There are 2 protein chains.
Amino acid sequence: MAELDSPAEAGLVAEWRELLARHAAASCALDRELGDRYGLGMSEFEVLERLVEGCRAGGRLGLRVSELAPTVHLSQSALSRLIARLEKGGLVTRAMCESDRRGVTVALTEAGRERYEQARPLHREVLGLTLGAPPGSACSGSSSG
Amino acid sequence: MAELDSPAEAGLVAEWRELLARHAAASCALDRELGDRYGLGMSEFEVLERLVEGCRAGGRLGLRVSELAPTVHLSQSALSRLIARLEKGGLVTRAMCESDRRGVTVALTEAGRERYEQARPLHREVLGLTLGAPPGSACSGSSSG
DNA sequence: TTGCATTGAATGCATGTGCATGTACTGTCC
DNA sequence: GGACAGTACATGCACATGCATTCAATGCAA
């Protein structure tokens, strides 16, 4: 009955718990703040951001779903539905990819770009508060508004 | 139209993305491995672990739900249902708290303690692999079995 | 004691997620 | 050309989660 962790394991567990705490604090705050003020979830903001970056970097109008998938930590189905939500909200458009008609090209709309630009300062602010702050104030508790 | 982040913001974003990647890799691997082999989710394992630690530290038989809540990053309702699942699986018992009959005391059963002890090495192993490994292999991709 | 605000936990409901599968398309081999 | 495996994305389904609410019990005040 091995009841105790080795020092290495204990350090690993400590690291993991801090990671969990930071993730919970930040993601929960982001979801709440971005959701309240801009109607965006954390992952939705991430997708908008990857679209902005991808288009800026490549000078392209849109990205393939399969290009977005590795950058956001979602299953393929969750990403598909997330994009559907964004499209329903008028923030992105989906179009059949010309070169491979199985694929879908996702492009920001003007409204999507604006929403992203509006939300970005708050996103950065929340990150600054939650990543800088000591862990402990997780999701269940109320954080600063 | 502030299109670019300051260096401080860029660092914050980079830190956040790495945290997201590590969290996704580890939590997804834990869910899969613990789920496949022991029928436990990541949070369920965490709750069992807090029960083991809490009982060992305080020499007590069980913990209050309200004591567990701050340690796992779940809402009160999610924790309530998680405990219900554990109880249904025979891993914990719920009993009315004597001193405050609003409260519920959650105690490990023998089966719960055994399941935890069985699962712990795998938990530590997965942490070692995912926290040590370079980020990039997130949930959607398949990790080592 | 009664009355009332507060707390601890459970539940109704809406939603986001992953797995498995379905559908459409591509590329290859014959 | 036709058959078939593989890829890209969407969808059915089950389930875990959070918010709001509900129910029970406590503490306090009159």
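Residues numbered from 1 in each chain as written. Chains lettered and ligands numbered in written order. Predicted model: local features only at pLDDT ≥ 70, side-chain atom pairs only at ≥ 80, totals over all residues. Heavy atoms only, no water.

A word on the overall build of chain A. The helix and strand inventory of chain A stands at five helices and three strands. Its helices and strands taken in sequence order, chain A reads α-α-β-α-α-β-β-α from the N to the C terminus. Here chain A, with 145 residues, has 41% of them falling under the buried criterion. Long-range pairs, those at least 24 residues apart, make up 57% of the contacts in chain A with a sequence separation of at least 6. Carbon and sulfur atoms make up 54% of the accessible area of chain A, which totals about 7,500 Å². (Helix = DSSP H or I, 4+ residues; strand = E, 2+ residues; numbered from the N terminus. Buried < 20%, exposed > 50% of the residue type's maximum accessible area, 1.4 Å probe, protein only. Contact = heavy atoms within 4.5 Å. Areas by Shrake-Rupley, 256 points an atom, 1.4 Å probe, with all protein chains shown as cover.)

Here we take up the packing of aromatic side chains. Residue and element names in this part refer to chain A. Per the stated rule, a full pass over the model turns up two aromatic pairs over all chains. On the basis of an interplanar angle of 35° and a centroid distance of 5.2 Å, the ring pair of F45 and Y116 is categorised as tilted. With F45 in helix α2 (residues 42-58) and Y116 in helix α5 (residues 110-132), this pair connects stretches of sequence that are 71 residues apart. (Phe/Tyr/Trp six-rings, centres within 6.5 Å; stacked < 30°, edge-to-face > 60°.)

Here we come to the sheet that holds strand β1 (residues 63-64) of chain A. Residues and elements named next belong to chain A. Pairing is antiparallel across the open sheet formed by three strands, whose spatial order is β1-β3-β2. Every interior strand has two partners, whereas the edge strands, β1 and β2 (92-96), have only one. Pairing between β2 and strand β3 (residues 104-108): five bridges, direction antiparallel. Looking at β3, one finds that A95 is bridged to T105. Contacts between helix α4 (residues 76-88) and the sheet are confined to β2 and β3, with β2 contributing the most and set at about 120° to the helix. (Pairing = 2+ DSSP bridges. Axes fitted to C-alpha atoms, helices over the stretch in contact; angles between N-to-C directions.)

Attention now moves to the sheet that holds strand β1 (residues 62-64) of chain B. Hydrogen bonds between backbone groups are what pair the strands of a sheet, and the pairing can be parallel or antiparallel. Residue and element names in this part refer to chain B. Here three strands make up an open sheet; going across it, the order is β1-β3-β2 and the pairing antiparallel. In the strand order of this sheet, the two ends are held by β1 and β2 (92-96), each with one partner. Going across the sheet, the axis of each strand differs from the next one's by a mean of 30°, ignoring polarity. Across the face of the sheet, helix α2 (residues 42-58) comes into contact with β1, β2 and β3 (104-108) while running at roughly 110° to β1.

With that out of the way, let us pick up the protein's contact with DNA strand D. Surveying the vicinity of DNA strand D reveals 20 residues, the closest of which are Q76(A), S80(A), R81(A), R94(A) and S75(B). The contact atoms of DNA strand D, taken as those within 4 Å of the protein, divide so that sugar and phosphate hold 56%. Between a phosphate oxygen of DNA strand D and a main-chain N or O atom of V65(A), the distance comes to 3.3 Å. Taking R81(A), its side chain carries an N or O atom lying 2.4 Å from a base oxygen of DNA strand D. Only α3 (65-68) and α4 of chain A together with α4 (76-88) of chain B provide two or more residues apiece to the surface near DNA strand D. The residue makeup of the surface near DNA strand D, split by class, is four nonpolar, seven polar and nine charged. (Near = heavy atom within 4 Å. Polar contact = N/O pair within 3.5 Å; in protein donor to acceptor, adjacent residues only side chain to side chain. Nonpolar A, V, L, I, M, F, W, Y, C, P; charged D, E, K, R; others polar.)

Quick look at the protein's contact with DNA strand C now. Surrounding DNA strand C, one finds 20 residues, the nearest of these being S75(A), Q76(B), S80(B), R81(B) and R94(B). When atoms of DNA strand C within 4 Å of the protein are split into backbone and base, the sugar-phosphate part holds 54%. Within the backbone of S66(B), one N or O atom sits 2.8 Å away from a phosphate oxygen of DNA strand C. Between DNA strand C and R81(B) there is a distance of 2.4 Å, counted from a base oxygen to a side-chain nitrogen or oxygen. Counting only elements with at least two residues in the surface near DNA strand C, the list comes to α4 of chain A together with α3 (65-68) and α4 of chain B. Residue composition of the surface near DNA strand C, grouped by class: four nonpolar, seven polar and nine charged.

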